[in-house]
Amino acid sequence: MMPKGLGNLLSASLLSAVGSLPLHLMPLIVHVVATGLGISAAKAGWIAFFLLGGQLLTSLLLPLANIHSIGVRTAFFSAVLLLLGLAVSLYNAELVLYIGWFLTGLSCGLFQYLGIYVASNYCRQAFAFTLRLAIVLLLAGVVAAILEIGKALESYGSTVLFLSLSFSIALIVGLSFYKPVESFTTHSPRDSGAAPNGPRYSGLLVVFVLFAGQTGFLAFLVENAVAHGMAVGGTVWSLVGMKLVSGSWLLYAASRTRHQDRKSGFLILGLILSVSILVIYLARSNIIFFFALTCFELTFNTLAAKLQASVARTNPQFVGQRLTAAILFGAACGPPLNGLAISSGLGVYFLLFAIISALLPVVWARRHTS
């Protein structure tokens, strides 16, 4: 028999994966815009800023309005807005391109909020966050493979078309089984008490820094690889492979989760992630790039799931309402900051920031988890 709330957690995770998908495909989107629309890589990076700006705005307004549950009707209209935003971005003007991705971001933010709030209030948070990320990565890997197989990355128009079809299918499945969170809340009362303010606020800050560093680094992944002489096709398949491998691993890890994660493991994950960043940055061959990228994706998402679960346990409802904003604010700041650093010839300093952000959760976990 399926555990109470698991089916809804799965549907919420799929909807959350839709909201996360543009972020995970951002390296490909930035490359397609830069090559297909004749926009510089630095300007193309601002697509991530507007997308994530829209997501961030939604994730800030929802908790300010004290909205916990997202109804099916609201989720449906958000799906319509997502597809409308993609269609608007096709208009041949740079400003309208940004507006289209901002509208898409508004919708994606709602879906991410929905999924993260459900995971934060599930009875087994470590399991819920790991499962959510596994579904996100598997969906991203499948969609990236479809884009490459269908030759959709040859033009921006075909990329948007394939993305719209992928979004539509995932949204139809997710909305068909989704129910508002109150109808299945399984959080144990003993876990719902408030913790001191320090751990939850500092934890949200660490989440912000982690996603700023890692998302900023990832946004220019393809551009850096091409600059080092690697073929675009090989780079895309490296992205596909590492998403599918990482998603499969996290799915297995979720199935093996029996207890809440503790502070052990943060250090080794942070060190592996730091080394992976350096190897990716210096890679000159597709094989090394693929293995380093797979290692990066595994460790980053394992670390992210572990950190989110630990921070959520400090106060599930409070953190559940604000965790999406911390993630998205970091993800919104990272790409333009790295773009600015690259255009100023200071890319190595952002690389150092990305490494520091990978190690920061170790410090927080040692101070605030037991």
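Residues numbered from 1 in each chain as written. Predicted model: local features only at pLDDT ≥ 70, side-chain atom pairs only at ≥ 80, totals over all residues. Heavy atoms only, no water.

**As for the overall build of the protein chain**
Move 1: Regarding its fold elements, the protein chain presents 15 helices and 0 strands.
Move 2: The buried share of the protein chain, taken over its 370 residues, is 57%.
Move 3: In the protein chain, 86% of the contacts between residues at least 6 apart in sequence involve partners at least 24 apart. (Helix = DSSP H or I, 4+ residues; strand = E, 2+ residues; numbered from the N terminus. Buried < 20%, exposed > 50% of the residue type's maximum accessible area, 1.4 Å probe, protein only. Contact = heavy atoms within 4.5 Å.)

**What to know about the packing of aromatic side chains**
Move 1: In total, this model carries 10 aromatic pairs according to the counting rule given.
Move 2: Ring geometry for phenylalanine 217 versus phenylalanine 296: centroids 5.9 Å apart, planes at 45°, classification tilted. Highlighted residues: phenylalanine 217 in helix H9 (residues 197-219) and phenylalanine 296 in helix H13 (residues 286-313), separated in sequence by 79 residues. Taken individually, phenylalanine 217 and phenylalanine 296 each receive the classification buried, so the pair is uniform in this respect.
Move 3: Ring pairs connect the aromatic residues Phe211, Phe217, Phe296 and Phe300, which therefore count as one cluster. (Phe/Tyr/Trp six-rings, centres within 6.5 Å; stacked < 30°, edge-to-face > 60°.)

**Some points on a nonpolar patch on the surface**
Move 1: There is a patch of nonpolar side chains on the surface, built from Leu57, Leu60, Leu61 and Leu64 and spanning about 400 Å² of accessible area.
Move 2: Tracing the backbone through its elements, the reader meets leucine 61 in helix H4 (residues 46-64).
Move 3: For leucine 61, a relative accessible area of 48% gives the class partly exposed. (Patch = residues over 30% accessible without salt bridge, like charges linked within 9 Å, V, L, I, M, F, W, Y side chains within 5 Å. Areas by Shrake-Rupley, 256 points an atom, 1.4 Å probe, with all protein chains shown as cover. Salt bridge = Lys/Arg side-chain N within 4 Å of Asp/Glu carboxyl O.)

**Structural notes on the pattern of salt bridges**
Move 1: In the structure shown here, the tally under the stated rule is 1 salt bridge.
Move 2: The shortest N-O distance in the salt bridge between lysine 243 and glutamate 297 comes to 2.9 Å. Of the two residues, lysine 243 is situated in helix H11 (residues 232-256) and glutamate 297 in helix H13; the sequence distance between them amounts to 54 residues.
Move 3: Assessed through its relative accessible area of 1%, glutamate 297 is described here as buried.

**Concerning the packing of helix H7 (residues 125-149) against helix H8 (residues 156-177)**
Move 1: At a closest axis distance of 10 Å, the pairing of H7 and H8 adopts a crossing angle of 145°. The crossing of H7 and H8 is right-handed. Listed contacts from H8 to Leu139, Val143, Ile146 and Leu147 of H7 are Thr159, Phe162, Leu163, Ser166 and Ala170.
Move 2: Partitioning the contact of H7 with H8 into residue classes produces 7 nonpolar, 2 polar and no charged. (Axes fitted to C-alpha atoms, helices over the stretch in contact; angles between N-to-C directions. Left-handed = near helix turned anticlockwise from the far one by under 90°. Nonpolar A, V, L, I, M, F, W, Y, C, P; charged D, E, K, R; others polar.)

**Overview of unusual backbone geometry**
Move 1: Phi is positive for lysine 151, which is not a glycine, with a value near 55°.
Move 2: By the secondary structure assignment, lysine 151 is in the loop between H7 and H8.

**With respect to the nonpolar core**
Move 1: Grouped together as the largest cluster of nonpolar side chains are 118 residues, with contacts concentrated most on Leu25 and Trp101.
Move 2: Per element, the largest residue contribution to this core is 16 residues, and it comes from H7.
Move 3: Beyond its immediate sequence surroundings of up to four residues, leucine 25 is in contact with Ala140, Val143, Ala144, Leu147 and Leu163. (Core = buried A, V, L, I, M, F, W, Y, C linked by side-chain atoms within 4.5 Å.)

**Things to note about helix H1 (residues 6-24)**
Move 1: Roughly 35° is the biggest bend found in H1, and it falls at valine 18, with proline proline 22 one to four residues downstream.
Move 2: Burial of H1 is extensive: 17 of the 19 residues sit out of reach of the surface. (Bend = angle between axes of the 7 residues up to and from the residue.)

**Focus: the side chain of glutamine 112**
Move 1: Its place among the elements puts glutamine 112 in helix H6 (residues 94-120).
Move 2: For glutamine 112, a relative accessible area of 3% translates into the label buried.
Move 3: Beyond its immediate sequence surroundings of up to four residues, glutamine 112 is in contact with Ser16, Gly19, Ser20, Gln55, Thr324 and Leu328.

**Some thoughts on the packing of helix H12 (residues 266-282) against helix H15 (residues 347-368)**
Move 1: Where H12 meets H15, the axes come as close as 8 Å, and the angle between the chain directions of the two elements is 175°. The angle between the axes of H12 and H15 places the two elements in the roughly antiparallel class. Here H12 contributes Phe266, Leu267, Gly270, Leu271, Leu273, Ser274, Ile277, Leu278 and Tyr281 to the contact with H15, which in turn contributes Leu351, Ala354, Ile355, Ala358, Leu359, Pro361, Val362, Ala365 and Arg366.
Move 2: Partitioned by chemical class, the residues of the contact of H12 with H15 number 15 nonpolar, 2 polar and 1 charged. (Parallel < 35°, antiparallel > 145°, perpendicular 65-115°, else oblique.)

**Considerations on the side chain of threonine 324**
Move 1: Following the sequence through the fold, threonine 324 ends up in helix H14 (residues 316-343).
Move 2: A relative accessible area of 1% means that threonine 324 is categorised as buried.

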